[in-house]
Amino acid sequence: MTQSVGGGRRVGAGTRGGVSRLQHFLSRWAPALFVGLALSVPTASANPVTTYRGTLGDTPVELALVYDSQYGGGMSGYWFSGAERLPMPLELTPYRPDRGLLINIMDNPTLPAAAVSLQPFAEGAEALQGVLVDLRTGVQQPLRLQRVMRFGGSQREAFDGELLQPAADQQFYFSVHAVRNAGEDRGRVDTIRVLSRATGEVVQEVGGQWCLAPTGTRTLTFEHFDADSTLDFQVQGYSLNGPYGSVLCAPTQYYQYHPQTQAYLRHPQLEQLAAEGTVRFAGGQMEFSKQDFINFSAGTQRRDYYRVISPDRLEFIQSLEGRF
C-alpha cells in the first residue's frame with residue numbers, strides 16, 4: 001500500500017526575510033511554472049519532422065529530420081537501421097538552404113562513428129540521396145531515401161503516420177501513431193507501440209489520446225522509475241478542455257513495465273502525486289515535493305522519497321528537509 005504524503009503546514013511570507021526567500025524561490029522555479037502553463041496553449045510553431053525510408057545495401061533504414069528554426073536554423077532527428085533496431089539521435093547541425101547537409105549519428109556522445117551526408121539537400125524534400133560515411137575509415141555507402149510522412153509544419157498540412165521515439169533499451173524500442181487534420185493546431189497520438197529489439201515486431205499496443213510534442217520525436221519521455229534496466233515512460237494527455245475549447249496537454253500519464261505481465265501498465269499513484277506536486281526520478285528512487293512542503297519563513301523545503309515497486313505500489317523511504 002502507498003503511504004499517504006503528509007501535508008506540510010502553509011506558512012505566510014509576510015516578513016522581509018520571507019519575501020526575500022519567496023523571490024529567490026520564484027526566480028528558481030518560474031521557468032517550470034511557465035512550462036506548465038504552456039501545456040494548455042496550442043502551438044502552430046512546432047518543429048516539423050520529416051521521415052524517410054530507404055535501404056543501405058540490403059538493410060532497411062529510416063531517417064527522421066527535425067527542422068528547428070531557432071538560432072538561424074538547424075537539423076536534428078534520428079537514424080534507424082533494421083540491422084540494430086536502435087534509433088540513434090542525430091547531432092543538432094546548422095542548416096543553410098543553399099548547401100548540403102552533413103550530420104553526425106550520435107551512437108557515441110563524444111566520438112560519433114558515422115555521419116549522413118546528403119547532397120543536395122532541401123528541408124522537407126520528397127527524395128534524398130547521399131552517402132553514409134564511416135568516420136573512422138572514410139568508407140562511404142550510397143544512400144537513397146524517399147519521404148514517408150511530414151509531421152508538424154503548416155496548419156494546412158494534415159498527417160497520419162508512425163514516428164519512432166529515439167530511445168531504446170536491450171529489449172524494446174518505441175513508436176507513436178500521430179494524426180492531425182488540416183487546420184488543427186496540434187497533433188495527437190492515439191497509439192503507443194512497443195517493439196522488440198530482437199525481432200522488430202510489435203509486442204504491445206497502448207491505445208489512448210495524448211498530445212504530440214512540439215518536437216514529435218520527444219512525445220514520450222523516458223525514465224527508469226524503478227531500479228531495473230527496462231525503460232519506463234511518461235506522456236502528456238490530450239483533451240479539448242483548454243481555454244475556449246483549446247487543446248489541454250495534461251495530465252501526465254506514467255507507464256511502468258511490469259515483468260509479470262510483460263506489459264507496460266499505467267501507474268495511477270504516480271499520476272496522483274504528479275497532479276499534486278513535482279515528481280523526479282533518480283537512482284531507482286522517486287522524489288516528491290509540493291507547495292505545502294515549503295516553509296518560506298524558515299527558508300526550508302521538505303521532500304519525500306519513495307521506491308517504485310510495481311505499477312500499483314509505492315514504498316515510502318523517508319522525508320528530508322533542506323534550505324532553498
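In what follows, the accompanying structure is described.

What the four strands build is an open sheet, ordered β9-β10-β11-β12; its pairing is antiparallel. Lying at the two open borders of the sheet, with one neighbouring strand each, are β9 (159-168) and β12 (202-211). Neighbour to neighbour, the strand axes of the sheet diverge by 25 degrees on average, direction disregarded. Bridge count for strand β11 (residues 188-196) against β12 is seven bridges, and the pairing is antiparallel. Across the sheet, threonine 191 pairs through a bridge with glycine 207, a residue of β12.

Note that glutamate 271 resides in helix α2 (residues 268-276). Look past the residues within four positions of glutamate 271 in its chain and what remains in contact with it is Thr252, Gln253, Tyr254 and Arg266.

Attention now moves to the pattern of salt bridges. By the definition in use, this model includes 14 salt bridges. Arginine 193 is the salt-bridge partner of glutamate 162, the closest N and O atoms lying 2.0 Å from each other. Here the residue glutamate 162 occupies a position in strand β9, and arginine 193 occupies one in strand β11, the gap between them amounting to 31 residues. Overall, the relative accessible area of 18% leaves arginine 193 in the buried class. Between glutamate 287 and arginine 280 there is a salt bridge; the shortest N-O distance is 3.4 Å. Look at the salt bridges and you will find they share partners, linking Glu123, Arg150 and Glu157 into a network.

In this section: the environment of alanine 114. You can see alanine 114 is positioned in strand β6 (residues 114-118). Taking the C-alpha atoms as reference points, alanine 114 and leucine 135, separated by 21 residues in sequence, lie 5.1 Å from one another. Beyond its immediate sequence surroundings of up to four residues, alanine 114 is in contact with Asn104, Ile105, Asp107, Leu132, Val133 and Leu135.

What counts as what
Residues numbered from 1 in each chain as written. Predicted model: local features only at pLDDT ≥ 70, side-chain atom pairs only at ≥ 80, totals over all residues. Heavy atoms only, no water. Pairing = 2+ DSSP bridges. Helix = DSSP H or I, 4+ residues; strand = E, 2+ residues; numbered from the N terminus. Axes fitted to C-alpha atoms, helices over the stretch in contact; angles between N-to-C directions. Contact = heavy atoms within 4.5 Å. Salt bridge = Lys/Arg side-chain N within 4 Å of Asp/Glu carboxyl O. Buried < 20%, exposed > 50% of the residue type's maximum accessible area, 1.4 Å probe, protein only.

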